[in-house]
Amino acid sequence: MENGRLALIILGPPGAGTGTQARMAAEALNIPHISTGDMLREALRNDTELGRKAKAFMECGALVPDELVEASVAERLVQEDCGRGFILDGYPRTIPQARFLESLLENSDTRFLCVGVSVGNDVLIQRLSSRWTCPACGKIFNAALNPAKAGGRCDECGANLMQRKDDTAEVIAERLHVYHKATEPLILYYQERDSFVEINGDKPVEEVFDSIIGVIKGRTD
Ligand code: AMP
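Let us look at the structure shown here. Since this is a predicted model, take the numbers as computed values, not measurements.

## Section: the pattern of salt bridges
Tallied over the entire structure, the rule returns 12 salt bridges. For D167, the salt bridge is made with R175, and the minimal N-O distance between the two is 2.9 Å. You'll find D167 and R175 in the same group, each marked buried.

Written out as C-alpha cells, the structure reads:
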C-alpha cells in the first residue's frame, strides 16, 4: 500500500459477506474497518440521540437519512488510525453519500478503490436468515455454512451469539429492495471514476478474501 492513503470501499448487498470480508481485510492490511451499521447498532444499544433517531429506519430495513450517518463518518475518518487508509463497509450507500465522502477526502492524497461483492438474491436470502452475530466482538457466523464451533457461543470471545433484528424475512426483502434501488447505482459511479472492481462473492469465505486481496494488490502496488 504505497502512494498515499487507501479508501477501500467494500460494496455489496446485505448478506454478500461484506462485513466478514472487511474485517479480514482490515486485519491483513492493518487499517481500521469502519462499518456504519455497527456504529448505528452501537448508538442504538447506548440509546444515544443518533440511536433514537435511527431506530425506526433500521427496524424496517430503510436507510437512515444521509445527514445522520455523515456526521459519524466525518468524525471517524479524522481519527489518527485512518492515516494510512481505512475500509468502509456499508458506506457509502447512496450517491449523495459517495459525493459527501469524496468531498471529505478532497486534497488528502487518498485513492479510492471500490470492490463490489456480487451474490444472487436467493443465496443472500438463505445466508441472511441463518446468520448469527457476536454482539461483543462482531464476528459473523452462519448456521449452515460457517457455524460456531461452540454451539451458540462466539469462537473468538465466548459471548452468546444473537440474530440481528433486521434479519427477518420481511425486513430482509426490504433491505434487498433498498440496496438495488439506492446503493447499486454506486457501481456505475465508481466505474466512471475507474475505481470499481467486481468479484464473485458466491464462493467460500477464504476464496472471496483471496480475490479481494488480489484486487487490492493489483491496484495499489
Ligand atoms: P448494515 O449492518 O450495513 O446492514 O446496516 C444495518 C442498517 O443500518 C441498514 O439497514 C440501515 O438502516 C442502516 N445503515 C447502515 N449504514 C447506512 C448508511 N451508510 N446509510 C444509511 N443507513 C445505513
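Next comes the rest of the account.
## Quick notes on the sheet that holds strand β3 (residues 85-89)
Within the open sheet, the 5 strands sit side by side as β2-β3-β1-β4-β7. Their pairing is parallel. Each edge of the open sheet carries a strand with a single partner, namely β2 (33-35) and β7 (196-200). Strand after strand, the sheet turns through a mean of 25° between neighbouring axes, direction not considered. Bridge count between strand β4 (residues 110-118) and β7: 5 bridges; the pairing is parallel. Across the sheet, G116 pairs through a bridge with E198, a residue of β7.

## Thoughts on the site of the ligand
By nearness alone, 16 residues border the ligand, and T36, R41, A62, G90 and Q97 come closest of all. Within the side chain of R41, an N or O atom sits 2.9 Å from an oxygen atom of the ligand. V64 is positioned such that a nitrogen or oxygen atom in its backbone is 3.0 Å from a nitrogen atom of the ligand. Top contributing element to the shell around the ligand by residue count: helix α2 (residues 36-45), with 4 residues.

## Re the environment of P65
Turning to its location among the elements, P65 is positioned in the loop between α3 (49-60) and α4 (66-77). On the accessibility criterion, P65 (24% relative accessible area) is partly exposed. Residues P65 and K53, spaced 12 residues apart in sequence, show a C-alpha to C-alpha distance of 9.4 Å.

## A closer look at the side chain of Q21
For Q21, the position within the fold is in helix α1 (residues 18-29). Among the residues examined, Q21 registers a relative accessible area of 3% and is labelled buried. If sequence neighbours within four positions are ignored, Q21 has contacts with V205, V208, F209 and I212.

## Overview of the packing of helix α5 (residues 95-105) against helix α8 (residues 185-192)
Where α5 meets α8, the closest approach of the two axes is 9 Å, and the angle between their N-to-C directions is 35°. Contact with α5, carried on its side by I95, A98, R99, L101 and E102, involves P185, L186, Y189 and Y190 of α8 and no other residues of that element. Counted by class, the contact of α5 with α8 contains 7 nonpolar, no polar and 2 charged residues.

Each value, and the rule that gives it
Residues numbered from 1 in each chain as written. Predicted model: local features only at pLDDT ≥ 70, side-chain atom pairs only at ≥ 80, totals over all residues. Heavy atoms only, no water. Salt bridge = Lys/Arg side-chain N within 4 Å of Asp/Glu carboxyl O. Buried < 20%, exposed > 50% of the residue type's maximum accessible area, 1.4 Å probe, protein only. Pairing = 2+ DSSP bridges. Helix = DSSP H or I, 4+ residues; strand = E, 2+ residues; numbered from the N terminus. Axes fitted to C-alpha atoms, helices over the stretch in contact; angles between N-to-C directions. Near = heavy atom within 4 Å. Polar contact = N/O pair within 3.5 Å; in protein donor to acceptor, adjacent residues only side chain to side chain. Contact = heavy atoms within 4.5 Å. Nonpolar A, V, L, I, M, F, W, Y, C, P; charged D, E, K, R; others polar.

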